[in-house]
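Topology and contacts: notes
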Amino acid sequence: MPEHPPSVREVAVADAAALDALLAQEDTPFVVRGLAAHWPLVVAGRESAAAARAHLAAHARPRAFTVSHAGPQAAGRLFYDSLMQVNFATAQEPLAAIWARFDAAEAAADGRLVYMGSIDIPGWFDGLDAANPMPLGERQALASVWIGTATRVAAHNDFPHNLAVCAVGGRRFTLFPPDQFANLHLGPLDNTPAGRAVSMVDPDAPDLARHPGYATALAHAQVADLAGGDALFIPSGWYHAVDATAPFNVLVNYWWRDTPRWLGQPQDALIHAILAIRDLPEAERAQWRALFEHHVFSGGASARAHLPAEGQGILAPLDAAAASRIRAFLLRSLSR
């Protein structure tokens with residue numbers, strides 16, 4: 001098991017057009033040093049945590065923010081307790097009250113955790129995105145900000161592509177290819193710290209007797225250490241563990257899909273298949289596996305080839321109207 005996985009490759013980006021081209025053609029992670037070094041938020045963060053918080057506060061909308069917090073016993077890890085419940089509490093508070101939590105954490109220096117995860121920038125901040133812009137071409141990206149003390153987030157993946165920008169503090173990403181999911185020993189799909197199944201392995205103290213596949217996962221890992229202004233591209237499906245390494249850290253990330261927004265979420269299909277197929281007798285599961293291959297994983301061309309175009313129904317290539325009909329059909333079916 002390698003003690004030091006190799007670093008994620010670094011690329012140079014001359015301008016917005018070059019970044020657009022890279023994001024369109026690459027399917028493995030890469031780092032761009034200093035991509036956002038000019039941001040006022042990054043400049044403020046170099047000055048101090050207080051200056052960075054002042055910049056954020058100047059753009060904050062007058063509404064409550066979601067904050068997670070835990071005492072020193074969590075050791076900065078957003079995870080589960082011994083009963084498989086999350087090991088942190090969550091509250092809705094004004095930003096001033098949350099900043100007071102950060103002040104107290106910095107004064108105490110006892111490892112207490114304060115964390116604001118996946119805060120939608122346009123919804124909670126006015127003009128923050130314009131003041132700290134990221135040119136992404138025609139991509140309709142969801143922009144979010146993540147703010148916290150020194151924290152550790154277990155390996156997980158996201159369906160959209162992700163451009164993650166370290167704005168304040170430092171971030172270490174440990175990345176794993178999508179095919180390593182079994183070796184990461186993922187937790188439950190429905191009881192998660194933040195909506196995605198996470199690796200149950202503690203990367204700082206892996207128990208290989210309990211999680212033997214992790215040695216293989218780590219052999220395929222890459223690491224990216226980011227400072228203020230650096231950016232990391234995480235392609236769809238890549239697993240990533242994230243350590244925020246400074247007393248105060250801010251990450252801005254952009255999620256987007258290359259497929260239309262009206263397509264469904266594959267995770268929903270997985271959960272529905274667990275409900276409807278997983279516990280069937282083996283012979284019946286084999287029948288459904290063949291049907292899924294024929295209709296879904298093959299791309300579906302052979303399933304509709306013998307039908308006239310006007311009679312293919314949802315077997316035809318999907319458009320927004322067909323997706324809407326499928327959703328309505330599923331809602332009726334699931335409500336029975």
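Just so it is clear, the model here is predicted, and its values are computed rather than measured. (Residues numbered from 1 in each chain as written. Predicted model: local features only at pLDDT ≥ 70, side-chain atom pairs only at ≥ 80, totals over all residues. Heavy atoms only, no water.)

1. Focus on the pairing of strand β5 (residues 113-120)
Heads up, the condition is: At least two bridges found by DSSP between two strands are what make those strands a pair. Numbering of helices and strands runs from the N terminus, with a helix taken as a DSSP run of H or I at least four residues long and a strand as a DSSP run of E at least two residues long.
The pairing of strand β2 (residues 65-70) with β5 spans three bridges and is antiparallel. Paired with S68 across the bridge in β5 is Y115. Two elements, β5 and strand β6 (residues 142-148), share four bridges in a ladder whose sense is antiparallel. Residue pairing across strands places M116 opposite I147, the latter belonging to β6.

2. Concerning the environment of L291
In this fold, L291 is placed in helix α9 (residues 282-297). As for L291 and A303, which are separated by twelve residues in sequence, their C-alpha atoms are 9.6 Å apart.

3. Here we look at the packing of helix α2 (residues 40-47) against helix α3 (residues 49-59)
Using the following cut-off: Axes here refer to lines fitted to C-alpha atoms; in helices the fit is confined to the stretch in contact. Angles between the N-to-C directions go from 0 to 180 degrees. Between 65 and 115 degrees an angle is taken as roughly perpendicular, under 35 as roughly parallel, over 145 as roughly antiparallel, and anywhere else as oblique. A contact between two residues is defined here by any heavy atoms of the two lying within 4.5 Å. Three residue categories are used. Nonpolar comprises Ala, Val, Leu, Ile, Met, Phe, Trp, Tyr, Cys and Pro, charged comprises Asp, Glu, Lys and Arg, and polar comprises the others, including Gly.
Following both chains from N to C, one finds α2 and α3 inclined at 150°, their axes separated by 6 Å at the closest point. When the axis of α2 is compared with that of α3, the two are roughly antiparallel. Contacts from P40, L41, A44, G45 and E47 in α2 reach A51, A52, H55 and L56 in α3. Each residue belonging to the contact of α2 with α3 can be placed in one class, and the counts come to six nonpolar, two polar and one charged.

4. A look at α2
Along an α-helix, residues three or four positions apart point the same way, because every turn accommodates 3.6 residues. Under the convention used in this document: Exposure classes here rest on a 1.4 Å probe applied to the protein chains alone. A residue is buried below 20% of its type maximum, exposed above 50%, and partly exposed in between. Each C-beta atom gives one direction from the helix axis, and the arc is the one those directions make.
Inspection of α2 places L41, V42 and A44 among the buried residues, and these make up the whole buried set. Buried residues in α2, looked at end-on, bunch into an arc of 160°, giving them a common side. In this structure, α2 carries R46 and E47 as exposed residues pointing more than 90 degrees from its buried face. At its buried positions, α2 is contacted by α3, β8 (161-168) and β13 (249-256).

5. Considering the packing of α3 against helix α4 (residues 95-108)
Closest axis-to-axis distance for the α3/α4 pair is 12 Å, and the angle between their directions is 170°. In terms of axis orientation, α3 runs roughly antiparallel to α4. On the side of α3, the interface is formed by A49, R53, L56 and A57, while α4 contributes L95, W99, F102, D103 and E106. Residue classes in the contact of α3 with α4 are distributed as six nonpolar, no polar and three charged.

6. Observations concerning unusual backbone geometry
Trans is the prevailing form of peptide bonds, just as negative phi is the prevailing case for residues other than glycine. Positive phi is not limited to glycine here, since A75 has a value of about 55°. Note that A75 resides in the loop between β2 and β3 (77-78).

7. Overview of the nonpolar core
Going by this rule: Throughout this description, the term nonpolar core refers to a set of buried Ala, Val, Leu, Ile, Met, Phe, Trp, Tyr and Cys residues connected via side-chain atoms within 4.5 Å.
In terms of nonpolar packing, the biggest core is built from 42 residues, with W39, M116, M134, I147, L163, V250 and Y254 touching the most fellow members. Per element, the largest residue contribution to this core is five residues, and it comes from α4. Sequence-distant contacts of I147, defined by excluding residues within four places in its chain, comprise L56, W99, F102, V114, Y115, M116, F248, N249 and V250. If you look at the next biggest cluster of nonpolar residues, it comprises 21 residues, including V31, F88, L175 and A224.

8. A short note on the pairing of β2
Note on strand geometry: in a regular strand, side chains alternate between the two faces of the sheet. Here β2 runs beside strand β4 (residues 89-93); their pairing, made up of five bridges, is antiparallel. Bridging across to β4, S68 finds its partner in T90.

9. Comments concerning the pattern of salt bridges
For the record, the criterion: Each salt bridge in this description consists of a side-chain nitrogen of Lys or Arg and a carboxyl oxygen of Asp or Glu lying within 4 Å of one another.
One pass over the structure, following the stated rule, counts 13 salt bridges. When the shortest N-O distance is used, the salt bridge between D20 and R139 registers 2.6 Å. In this pair, D20 is assigned in helix α1 (residues 16-25) and R139 in the loop between α6 (128-131) and β6, connecting sequence segments 119 residues apart. Residue classification places D20 among the partly exposed positions, given a relative accessible area of 32%. With a relative accessible area of 17%, R139 lands in the buried category. R77 is paired through a salt bridge with D202; the nearest N and O atoms lie 3.9 Å apart. Taken together, the residues span a long stretch of sequence, with R77 in strand β3 and D202 in the loop between β9 (170-176) and α7 (214-219) at a distance of 125 residues. Residue class for R77 comes out buried when judged on its relative accessible area of 12%. Residues participating in the shared-partner salt-bridge network are R77, R152, D202 and D204.

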